[in-house]
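Structural features, examined
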Amino acid sequence: MSSCSSDKSPSSSACGNIQLTPAQEQAAAVGAEQDWAAAKAFYDNLVSTKRPRPPKPQNAITVAVSSRALFDMVKDRKIYEEEGVETYVKYQEENENVPLKPGPAFYFVKALEQVNARLRELYPNDEELFDIVLMTNNHAQVGVRLINSINHYGLSIERFCMTGGESPIGYLTAYLTNLYLSADSEKVQEAIEAGIASATMFTANKDIPYCDKQLRVAFDGDAVIFSDESEQIVKEHGLDRFFEHEQMNENKPLAQGPLKGFLEDLGKLQKKFYAKDERLDCPIRTYLVTARSAASSGARVLKTLRSWGLEIDEALFLAGAPKGPILVKIRPHIFFDDQMFHIEGAQQLGTVAAHVPYGIGQKYNKSKPKDDTVKK
């Protein structure tokens, strides 16, 4: 194993902390632009292909997905844990023509690609699109099976990062990642601490049909879109103090949470459809599904979104009621929440849920869903 760090920041080397001068950073940026222009020219000169060219990373909304989130690799993981890496790699090579089954993030990725297809119809030369990166600590020898599986399902995933057993987290910044989804809770926690919007994926316990023409994303509020400041009051002082605090601070926007940026990204794309008079046929729909009560603490949430210039398509204030039945009605491709009991409830009723390990609520999260896909 190399002792080099995986720091990919532009001002430091991979094996140390050598700082670049502003002039060197500017020269590096100019060189990167020239490299990208040369790569684009090369691609454009190739024989025409039905595969769309990946967008420029600086313009794209990059979603990094682990192999165990994209595909069902429970059996594969068991081989790795019980028989070791060499047996695991050999198994993958022997089965490289056997497509892996869809995992918890699969239909979310398919929905992102459907949005891309609509955007390319309306804006043929625009590169503000979703760019899916397969981010995995698998060894390169496993890549053939992953590539074959991606091609089997017709997914447009061209960028891979395979780290051969090393943590891929250091590459997330280098890939300009907007959202990271993994089945490994430790890596997700590491990414959250690095300031990257991240969540641990959990497979639903039953199959429900997904809308194949509209990406549906559901968010919890506190400690997901917003900070955990209000949740801290609930945990430390109780509901009555929380209601009092929220009413007193109704006109003070909440601080942002870890997934505020991704909601903002979705909103930017929605506005591109609105600009083409596609509001009623927009292929993106967002939902706020919160345990807050509307009358007691809902106004601050809505005013915060307004102050950020963000719209949410549907806001559902449940006043502590279970979220699972509501999510069955929504049928989101993904539901983000910071509380494990909400994740479990969603999972049991067929919703693919993603745990955001952020905020004071993590001190109270002791249980985990019984799901082999999240075992280390």
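Values in this document were obtained by computation on a predicted structure and should not be read as measured data.

A separate point is the layout of surface pockets. Of the pockets and cavities examined, the second largest pocket occupies roughly 400 Å³. When contributions to the lining of the second largest pocket are tallied by element, the ones reaching two or more residues are α9 (229-237), α10 (239-248) and α14 (340-348). Counting residues per element, the lining of the second largest pocket draws most heavily on α9, which supplies four residues. Of the residues assigned to the lining of the second largest pocket, the class counts are seven nonpolar, six polar and six charged.

Summing up the model confidence of the protein, the mean pLDDT is 86 and the portion of residues at 70 or higher is 84%. By mean pLDDT, helix α1 (residues 22-44) is the weakest element of the protein at 63, and strand β8 (residues 215-219) is the strongest at 98. Here residues 366-376 scores under 50 on pLDDT; set against residues more than four positions off or in separate chains, the count is 31 contacts.

To continue, consider the sheet that holds strand β11 (residues 334-337). Spatially, β5-β4-β1-β6-β7-β12-β11-β8-β9-β10 is the arrangement adopted by the 10 strands of the open sheet, whose pairing is mixed. At either margin of the open sheet sits one strand with a lone partner, and together these are β5 (159-162) and β10 (314-317). Neighbouring strand axes in the sheet, compared pairwise and without regard to direction, differ in orientation by 25 degrees on average. Inspection of the sheet shows strand β1 (residues 61-65) paired to strand β4 (residues 130-136) by five bridges, in the parallel sense.

Locating Ala 111 in the fold gives a position in helix α5 (residues 106-122). Judged by its relative accessible area of 5%, Ala 111 is buried. In contact with Ala 111, other than residues within four places in its own chain, are Leu 215 and His 333.

Bringing the packing of aromatic side chains into the picture now. On inspection of all chains with the given rule, the structure shows nine aromatic pairs. In textbook terms, an aromatic cluster arises when at least three aromatic residues are bridged by ring pairs, as seen for Phe 71, Phe 106, Tyr 107, Tyr 153 and Tyr 210. The ring of Tyr 123 carries Lys 276 above its face, with NZ or CZ at 5.0 Å from the centroid.

Here we take up helix α4 (residues 85-94). Of the residues making up α4, those classed as buried are Tyr 88, Val 89, Tyr 91 and Gln 92. Down the axis of α4, the buried side of the element spans an arc of 160 degrees, and every buried residue falls inside it. More than 90 degrees from the buried face of α4, the exposed residues found are Glu 86, Lys 90 and Glu 94.

Reading guide: rules and limits
For every chain, the first residue of the written sequence is number 1, and numbering continues from 1 onward in sequence order. Per-residue local features are limited, in this predicted model, to residues with pLDDT of at least 70; the limit for side-chain atom pairs, both in listing and counting, is 80 or more; totals at the level of whole chains, interfaces and linings are taken over all residues. As a rule here, side-chain values come from all non-hydrogen atoms in the structure, and water together with hydrogens is ignored. Throughout, the protein atoms alone are placed on a 1 Å grid, and a set of points is a cavity if a 1.4 Å probe fits but cannot get out or a pocket if it is open with protein on both sides within 12 Å along at least five of seven lines; lining residues have an atom within 4 Å of a point. Grid points are joined across faces, edges and corners, and a volume is the space filled by probe spheres set on the points. Per the convention used, a helix needs a DSSP run of H or I reaching at least four residues, while a strand needs a run of E reaching at least two, with both numbered from the N terminus. Gly is placed with the polar residues, together with every amino acid not listed as nonpolar (Ala, Val, Leu, Ile, Met, Phe, Trp, Tyr, Cys and Pro) or charged (Asp, Glu, Lys and Arg). You can read pLDDT as the predictor saying how much it trusts each residue, on a scale of 0 to 100. Two residues form a contact once any of their heavy atoms are found within 4.5 Å. Two strands pair under a simple rule: DSSP has to find at least two bridges between them. Axis lines are fitted to C-alpha atoms, over the contacting stretch for helices. Their N-to-C directions set the angle, which ranges from 0 to 180 degrees. Relative accessible area decides the class of each residue, using a 1.4 Å probe on protein chains only: under 20% of the type maximum gives buried, over 50% gives exposed, and in between gives partly exposed. Two aromatic rings from Phe, Tyr or Trp, using only the six-membered ring of Trp, form a pair when their centres are within 6.5 Å; if the ring planes differ by under 30 degrees the pair is stacked, by over 60 it is edge-to-face, and anything between is tilted. Counting as a charge over the ring demands two things of the Lys NZ or Arg CZ atom: a distance within 6 Å of the ring centre and an angle within 35 degrees of the ring normal. This arc is taken over the directions from the axis of the helix to the C-beta atoms.

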